[in-house]
Amino acid sequence: MPRPVFCFYRLTKHVDLDINFHKAFVGGNMKIKKISIKNFRGIKSLEDLELSDFTTIVGKNDAGKSTILYAIRAFIDEKVEETDFYCNMLADEDMEIKISFQIFNSQMIKNYALLDKEQLLTIKKYFDFNKKALRKTTYFVYETDCEKYQDLWKKDDTKELDNIINELGLSPKPKSLKCKKIDRIAHIYDHLEKDDTNFMDYEHEIDKNLMKEIKASFNMEPPILFFVSADQKLDVNGTEFSSYYKQLFNKIINDNKELINEINSKVNTQIDHFTNKLFENLHNKIPQLEHINPEMTFEIAKAYSKVSLELQTENDSKPIPIENKGAGVRRLVIIALLETIRDIGVNENTIYAIEEPETYLHPSAQKDLLVVLNDLSETSQVIVTTHSPFVAGE
């Protein structure tokens, strides 16, 4: 099925787009539906650019197409540099990146005061130019215009939420019956929406603790970003290369949970025995000693640190680190990694942002890569930039 192609002509002041959507969102957990950008690199303002499962961004050099990918990375990593800020931004302005996520159980959570009017999870991040860091994060909620019933997630579940329930004359939701905070919020929100209260989108600040609470309440995780730049180095000591392998490592962990739990238990039992023996010997030397508290735990799932990769071909006298191989070989390694992720099924809830996939690749290798990306887009999201008519039109 053809995928949407975005043609970028200019992005610094306004955007001209020729958009053709053919593939709707299917499967997965969270995908980017829309992105808005302000004061990021060459983009002064870009509003509500829609993305789909497999999106190709086409444009001339310096048109700003790759800026979209880097903005997504800045949003997810929450890291920016001085060169990421728009050169002519005003002194009192922030860099702003707003992303609206399609949640694939949105019907289940639509009454939990979390989504905007379009049933999207919309989060906006503000970056301070002076500190070159994230200043604040907000989210948008479709809710009542009555201020005391707004921003329900910030309210205490046993006091403020129960008081609102009583004010509205609703049946109580006692915590003794294992009624959680999300149940109270849904109880209130559902009543207000049915009561024909004036609803509109409101923006509220959210901190890391509240974000953690919301994610835990819905067992919801943000998507993983698999980012490949046009000049990807694949340095084994760099974070990009290790992050690719970490996805494969997590798959192995998830597939062997019973065995891993058994090993963890045995090792920690031995650690406890060691600790008890240490206390016994110390107590003999320090009679007034009452207890010791050494921090010694073992978890295989947290054992991953980094990975190295060396290749040896028939022309090599010894294995060569991947970062010392040619750019074309490094690109082929990326294709192989993507194929492996697809083949072993660790693909869900991932955004593949790839800059100029045709770089350093023979047309046959480009075709192989596009086949893999199309397969990955069935359960995740793929966004590529390109100069190649072959990649754009294939």
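Quick notes on the rules
- Residues numbered from 1 in each chain as written.
- Predicted model: local features only at pLDDT ≥ 70, side-chain atom pairs only at ≥ 80, totals over all residues.
- Heavy atoms only, no water.
- Helix = DSSP H or I, 4+ residues; strand = E, 2+ residues; numbered from the N terminus.
- Contact = heavy atoms within 4.5 Å.
- Areas by Shrake-Rupley, 256 points an atom, 1.4 Å probe, with all protein chains shown as cover.
- Patch = residues over 30% accessible without salt bridge, like charges linked within 9 Å, V, L, I, M, F, W, Y side chains within 5 Å.
- Salt bridge = Lys/Arg side-chain N within 4 Å of Asp/Glu carboxyl O.
- Core = buried A, V, L, I, M, F, W, Y, C linked by side-chain atoms within 4.5 Å.
- Buried < 20%, exposed > 50% of the residue type's maximum accessible area, 1.4 Å probe, protein only.
- Axes fitted to C-alpha atoms, helices over the stretch in contact; angles between N-to-C directions.
- Parallel < 35°, antiparallel > 145°, perpendicular 65-115°, else oblique.
- Left-handed = near helix turned anticlockwise from the far one by under 90°.
- Nonpolar A, V, L, I, M, F, W, Y, C, P; charged D, E, K, R; others polar.
- Polar contact = N/O pair within 3.5 Å; in protein donor to acceptor, adjacent residues only side chain to side chain.
- Arc of directions from axis to C-beta.
- Phe/Tyr/Trp six-rings, centres within 6.5 Å; stacked < 30°, edge-to-face > 60°.
- Pairing = 2+ DSSP bridges.

*Asks:* Looking at this structure, how should I read the overall build of the protein chain?
*Replies:* Counting its secondary structure elements, the protein chain contains ten helices and 13 strands. Once local pairs closer than 6 in sequence are excluded, the contacts in the protein chain between residues at least 24 apart make up 70%. Entry remark: accessible area of the protein chain is about 21,500 Å², with carbon and sulfur atoms responsible for 49%.

*Asks:* Explain a nonpolar patch on the surface to me, please; I cannot follow it from the model alone.
*Replies:* There is a patch of nonpolar side chains on the surface, built from L259, I263 and F298 and spanning about 230 Å² of accessible area. Mapped onto the secondary structure, I263 falls in helix α7 (residues 257-285).

*Asks:* I'm lost on the nonpolar core in this one. Help?
*Replies:* Buried together is how nonpolar side chains tend to be arranged in soluble globular proteins. Counting 62 residues, the largest nonpolar core has I35, I97, L114, L121, W153 and F218 as the members making the most contacts within it. The element that contributes the greatest number of residues to this core is helix α1 (residues 65-77), accounting for seven residues. Filtering out sequence-adjacent residues up to four positions away, L114 remains in contact with I109, L121, Y139, F140, V141, W153, I214, F218 and M220. The next biggest cluster of nonpolar side chains, apart from the first, holds 18 residues, and it includes L338, I354, V372 and L373.

*Asks:* Please explain the packing of helix α3 (residues 160-167) against helix α4 (residues 181-194) as it appears in this structure.
*Replies:* Packed helices, taken two at a time, are described by the angle their axes make and the gap between the axes. For the pair α3 and α4, interaxial distance at closest approach is 10 Å and the crossing angle is 30°. Put simply, α3 runs roughly parallel to α4. For the pair α3 and α4, the sense of crossing is left-handed. From α3, L161, D162, I164 and I165 reach across to α4, where they touch K181, R184, I185, H187 and I188. Here the contact of α3 with α4 is composed, by residue class, of five nonpolar, one polar and three charged.

*Asks:* In this structure, what is going on with the pattern of salt bridges? I would like to understand it.
*Replies:* According to the stated counting rule, one finds 19 salt bridges in the structure shown. Between K181 and E213 there is a salt bridge, with its nearest N and O atoms 3.1 Å apart. Separated by 32 residues along the polypeptide, K181 in helix α4 and E213 in helix α5 (residues 208-218) bring together distant segments of the chain. On the accessibility criterion, E213 (30% relative accessible area) is partly exposed. When salt bridges that share partners are traced, they join K38, K44, E93, E96 and K124 into one network.

*Asks:* Can you help me understand the side chain of K125 in this one?
*Replies:* Within the fold, K125 resides in strand β6 (residues 120-128). The exposure class assigned to K125 is buried, which follows from its relative accessible area of 8%. In terms of polar contacts, K125 uses its side chain to reach the backbone carbonyl oxygen of F75, at 2.8 Å. Only 2.8 Å separates the side chain of K125 from the side chain of E78, close enough to count as a polar contact.

*Asks:* It is not clear to me how α3 should be interpreted in this structure. Could you clarify?
*Replies:* Of all the residues in α3, the buried ones are L161, I164 and I165. Down the axis of α3, the smallest arc covering the buried residues is 100°, so these residues share one side. Note on α3: the residue one or two positions beyond its end, G169, has a positive phi of about 70°.

*Asks:* What exactly am I supposed to notice about the packing of aromatic side chains here?
*Replies:* Geometry of an aromatic ring pair is reported as the spacing of the ring centres plus the angle between the planes. The tally for this structure, following the rule as stated, stands at six aromatic pairs. For the pair Y142 and F199, a centre-to-centre distance of 5.4 Å together with 65° between the ring planes defines the contact as edge-to-face. Placement of Y142 in strand β7 (residues 133-144) and of F199 in strand β8 (residues 199-205) is noted, with a sequence separation of 57 residues between them. Considered together, Y142 and F199 belong to a single accessibility category, that of buried residues. Through pairs of rings, three or more aromatic residues link up here, namely Y142, Y189 and F199.

*Asks:* Any chance you could explain the pairing of β7 here in plain terms?
*Replies:* Look at any regular strand and the pattern is simple: side chains alternate between the two faces of the sheet. Looking at chain direction, β6 and β7 are connected through seven bridges and run antiparallel. In the sheet register, K125 faces β7, and the bridge partner there is T137. Taking the residues that link successive antiparallel strands as the turn, the β6-β7 hairpin has four residues, and the phi of K132 there is positive, at about 55°. Where β7 and β8 come together, seven bridges link them in antiparallel fashion. The residue of β8 that forms the bridge with V141 is Y202.

*Asks:* How should the sheet that holds β7 be read in this particular structure?
*Replies:* Taken together, six strands build an open sheet; the order of strands is β3-β2-β5-β6-β7-β8 and the sheet is antiparallel. Bordering the open sheet on either side are β3 (43-50) and β8, each of which pairs with just one other strand. Strand-to-strand, the axes of this sheet are offset by a mean angle of 20°, without reference to chain direction. Sitting on the sheet, α1 touches β2 (30-40), β3, β5 (95-103) and β6, and the angle it makes with β2 is about 100°.

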